[in-house]
Amino acid sequence: MSGMALWSIIIALSCVTLATRAGVLFLPPWLRLSPRLQRALRYAGPCVLVAIVVPDLLQHGGRVDLALDNIRLYAALVAVAVFLATRSAALMIVIGLLALTALRLIG
Amino acid sequence: MPEVISARGEFRRGVRLVMPVLPGTAAWGLVSGVAMLKTGLTSEQAFAMTLLMYAGSAQLACLPLIAAAAPMFVTLLTAAIVNLRFVIYGLGLAPALRRESPRLRLLLGYLNADPAYILFTPRYDEDPTRPHARSLYLGLAVGNWVTWQASSSIGIALGARIPTTWGLELAGVLALIALAIPLITTLPTVAGCLAATVVALLGAEWPLRLGIIGAVVAGVAVAMIVETSMTDESRDGRAGGRR
């Protein structure tokens, strides 16, 4: 992506972020979101995260790749195990990156 | 003697309250800094992104899309969806901050981050009449902001020195997983995330990276259906129970 395109995307992302964060503070007090809509908004967060993460890890060169040479996937699985056991994001990232490096050096 | 509550005192109280979560903020900032550089942003672009956008999870979520040269509107929509929780946060903060001037509201909104909201609302709800709510919020938010910017800068400096072949942008994906797992607790969320995963995988080849948007629509729809069927069951179970 060209430098110009990256700059415009950074500016546009900043505007979108500001709008989602500050926008509600500008709504008139009588305008409320229904509880149902609020719950739908809550579900959207985890859904978009898995929709980004899972294909990013499973797919390697345009197709689902479960072979051992997809080292990012296996490093991430190690990291998930660490997170489930310790609930520490920092430890998870450190061990995950160490696993990635070990797999890269072996492979 | 009645407690004297000053604006400065409330700001300091906010900073003290946010201290325990700052190591977490710092780790995230560091990872975001490295991940931005390893996605191909220049140091200047990374600094601008962290300063103007100031949204760790949305920043990290957009990086794989930027790396894949996804069309701009898909990247923007993805950022907006990751940021949707701030709409909920804003609803919680509005009673406390709505009366400030428009310019200040813009600043207070910009400074909003997960720790600021999560730590502020229970204190405000405890006693909404306590003066200087704005200063308490600012103490929380500014403490988090300074930590984020400092650690992100260190991450950007580090990222510039780490070879791209090490693949350390994986740190950004791992950070997103750490964010997602604690959110996936209820049955509707599990069902929604499964649906989103399936559509995201099937839709990986869809034009314009629309698979991600389709995944969110499918995930939210499935989650709402499961939730509705669960409340129906509990209503059938005990007549006149929940709504």
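Everything in this summary refers to the structure shown in the same document. (Residues numbered from 1 in each chain as written. Chains lettered and ligands numbered in written order. Predicted model: local features only at pLDDT ≥ 70, side-chain atom pairs only at ≥ 80, totals over all residues. Heavy atoms only, no water.)

A look at the overall build of chain B
Now for step 1: Helix and strand counts for chain B stand at 12 helices and 0 strands.
Now for step 2: Counting only C-alpha atoms and orienting by the principal axes, one finds that chain B spans roughly 70 × 65 × 30 Å.
Now for step 3: Out of the 243 residues belonging to chain B, those deemed buried represent 52%.
Now for step 4: A separation of at least 24 residues holds for 79% of the contacts in chain B among residues at least 6 apart in sequence.
Now for step 5: When the accessible surface of chain B is totalled, it reaches about 11,000 Å², and 67% of it is carbon and sulfur.
Now for step 6: A distance of 8 Å separates the average location of the 19 positive side-chain charges in chain B from that of its 14 negative side-chain charges. (Helix = DSSP H or I, 4+ residues; strand = E, 2+ residues; numbered from the N terminus. Buried < 20%, exposed > 50% of the residue type's maximum accessible area, 1.4 Å probe, protein only. Contact = heavy atoms within 4.5 Å. Areas by Shrake-Rupley, 256 points an atom, 1.4 Å probe, with all protein chains shown as cover. Lys, Arg positive; Asp, Glu negative; His and termini not counted. Charge placed at Lys NZ, Arg CZ, Asp CG, Glu CD.)

Observations regarding helix 2 (residues 22-38) of chain B
Residues and elements named next belong to chain B.
Now for step 1: For helix 2, built from 17 residues, the straight-helix expectation of 24 Å at 1.5 Å per residue is met to within 8% by its first-to-last C-alpha distance of 24 Å.
Now for step 2: Within helix 2 the residues assigned to the buried category are Leu22, Thr25, Trp28, Gly29, Val31, Ser32, Gly33, Val34, Ala35, Met36, Leu37 and Lys38.
Now for step 3: Looking one or two residues past helix 2, Gly40 carries a phi angle of roughly 110°, positive in sign. (Expected span 1.5 Å × (residues − 1).)

Here's the deal with the environment of B:Ala191
Residues and elements named next belong to chain B.
Now for step 1: Turning to its location among the elements, Ala191 is positioned in helix 11 (residues 187-202).
Now for step 2: Considered as a pair, Ala191 and Leu77 are 114 residues apart in the sequence and their alpha carbons are 22 Å apart.
Now for step 3: Apart from residues no more than four positions distant in its own chain, Ala191 is found in contact with Val222 and Val226.

Don't take any of this as a statement about function, it's just geometry.
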